[in-house]
Every structure is written in C-alpha cells, then in structure tokens.
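Structural features, examined
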Amino acid sequence: MAAYLPSSVQLNQINHIVDKPGNSSPADTVAKEEPFDYSQRAQWLRAAALGANDGLVSVASLMVGVSAVNQSVKATVVSGLAGLIAGAFSMAIGEYVSVYSQVDIELAQMKRERRYADVEISAEKEQEEKEKLPSPLQAAGASALAFGIGAVLPLLAGSFIKQRWTRVGVVSGVSTLALVLFGWTAAKLGGSSVGKSTVRVVVGGWAAMLVTFGVLKLFGMAFKLDISQSA
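What you see is a predicted model, and the numbers here were worked out from it, not measured in a lab. (Residues numbered from 1 in each chain as written. Predicted model: local features only at pLDDT ≥ 70, side-chain atom pairs only at ≥ 80, totals over all residues. Heavy atoms only, no water.)

With 77% of its residues at a pLDDT of at least 70, the protein chain reaches an overall mean of 80. Within the model, the stretch residues 24-31 combines pLDDT values under 50 with two contacts to residues more than four positions away or in other chains. (pLDDT = per-residue confidence, 0-100. Contact = heavy atoms within 4.5 Å.)

This is the structure in structure tokens:
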C-alpha cells in the first residue's frame, strides 16, 4: 500500500496552525519551561548571607553577653560597636585573602594548561581571562558591607534602652525577626526550602546568643563580676 502524503494545501494549513500565536511546538515548550539555574547565584549569595548573618549574630551575642554581667547601656553599646568595626574588618580581610588565593590558583592553573597544550595567547586574550576572575577588593567590600548591615540592627535596637532585661529582650526579638528575614530571603534567592532555611538560621542565631549569655552569666557569678551601675 502506498504511503499517504499530504497535499501542499494541507501542509500550508498545518504550518498556519502551528505559527498562530499561542501555538508552539514541543521543542519550544521545553525551552520555555527550562528551570532557572540557581547555582549562578551561589557565590555572591553565600558571601552576602554569610556576612549579614555573621554581623547580626556576632553583635547581638556580644550585647546580650555583656548585659548578662553589666547593667550599663554604655558598656553594651560600646561592645556592640567594637564588634561591628572589628567584625567588618575581619570579614573584609578574610574574604580578600581567600579570593586572592583563589585567583592565584586559577591563574597558575591557566598557565599550566597553556604550557601543557603548547599554546600561546595574545596579551589581550590573557587580560580578558583575568577580568573574568573574581575581584578580591569587591569581595572584601561586599563582605564588610553585609556584615555592617547585619550588625547595625541589634546595635540600634539596644542603644536607647537603659533597663537591662528589657534591652536583652528587645535585642533578642529584633535579632530573631532579622534572622527570619535573612533565612527567607536566602531561600527565595537560592530556590531552596523556605522553612528549612529559616529554621536553620534562627536556631543557629539563638544558639549563639544563649551560649554567650549563659557562659558570661556563669563567669560573672563565679568571679562576682555583676556590675550594677545603670549609667
């Protein structure tokens, strides 16, 4: 039996139907539904989330810990401010050294690969390859900025409250809300589970604050360091 072949008129009708708006081929549908690659955001998201979370948890824990042995709001604020400055510079220097080491390793690997393949490239091409590598200065600045943004929240929350336990409660409450926001934002940007990310961030932050408060409280009780001045 001879195979059936559509006429030219039928072919034109089929093409007209496929080309109509709203009609798409299976290949087009697959291309449109291709999922977004969230791993492209992994590097900068890690740095931003780590910096902000570190700043928040470090300064909040410092302020809560100092309040465990000192009623003075000035001492609490000074400790928080010192933590902000020291932490921001520490994050910046650490990120600068880390990224610079990564760049050095990648440059050395590129040279070894060219030497092994016996390939010479122009100076312009070499410069283009270097520009694709991460910038240590940008990474350092981003880490310091993220740390400062996270650290300033508990610092502002507890700077104007003289009553010790009220100050501890406000700093803890504001820090908890900020941790929830950080966890939710990181999960949304990274395409991961919002619930798991938020719980992980909040539990980690609370653990740091509770341990710092508990250790300093026990230390103050053992060595009678509870300073009662309210000034």
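Along the chain, Phe-219 turns up in helix H8 (residues 194-223). Separated by 151 residues in the primary sequence, Phe-219 and Ala-68 have C-alpha atoms spaced 9.7 Å apart. (Helix = DSSP H or I, 4+ residues; strand = E, 2+ residues; numbered from the N terminus.)

Below, the discussion takes up helix H6 (residues 136-158). Taking 1.5 Å of rise per residue, the 23 residues of H6 would be expected to cover 33 Å, and the 34 Å separating its terminal C-alpha atoms lies within 8% of that figure. In the structure, H6 departs most strongly from a straight axis at Val-152, where the bend amounts to approximately 25 degrees and where the proline Pro-154 lies between one and four residues downstream. (Expected span 1.5 Å × (residues − 1). Bend = angle between axes of the 7 residues up to and from the residue.)

Take the packing of aromatic side chains next. Evaluated as defined, the whole model comprises three aromatic pairs. Measuring from centroid to centroid gives 6.1 Å for Trp-165 and Phe-213, while their planes differ by 70 degrees, and the two rings are edge-to-face. Taken together, the residues span a long stretch of sequence, with Trp-165 in helix H7 (residues 164-190) and Phe-213 in helix H8 at a distance of 48 residues. What makes Trp-165 partly exposed here is its relative accessible area of 41%. Ring centres 4.7 Å apart and planes at 40 degrees place the aromatic pair Phe-219 and Phe-223 in the tilted group. Residue Phe-219 and its partner Phe-223 are both found in helix H8; the two are separated by four residues, about one turn of the helix. Residue classification places Phe-219 among the partly exposed residues on the basis of a relative accessible area of 44%. With a relative accessible area of 54%, Phe-223 lands in the exposed category. (Phe/Tyr/Trp six-rings, centres within 6.5 Å; stacked < 30°, edge-to-face > 60°. Buried < 20%, exposed > 50% of the residue type's maximum accessible area, 1.4 Å probe, protein only.)

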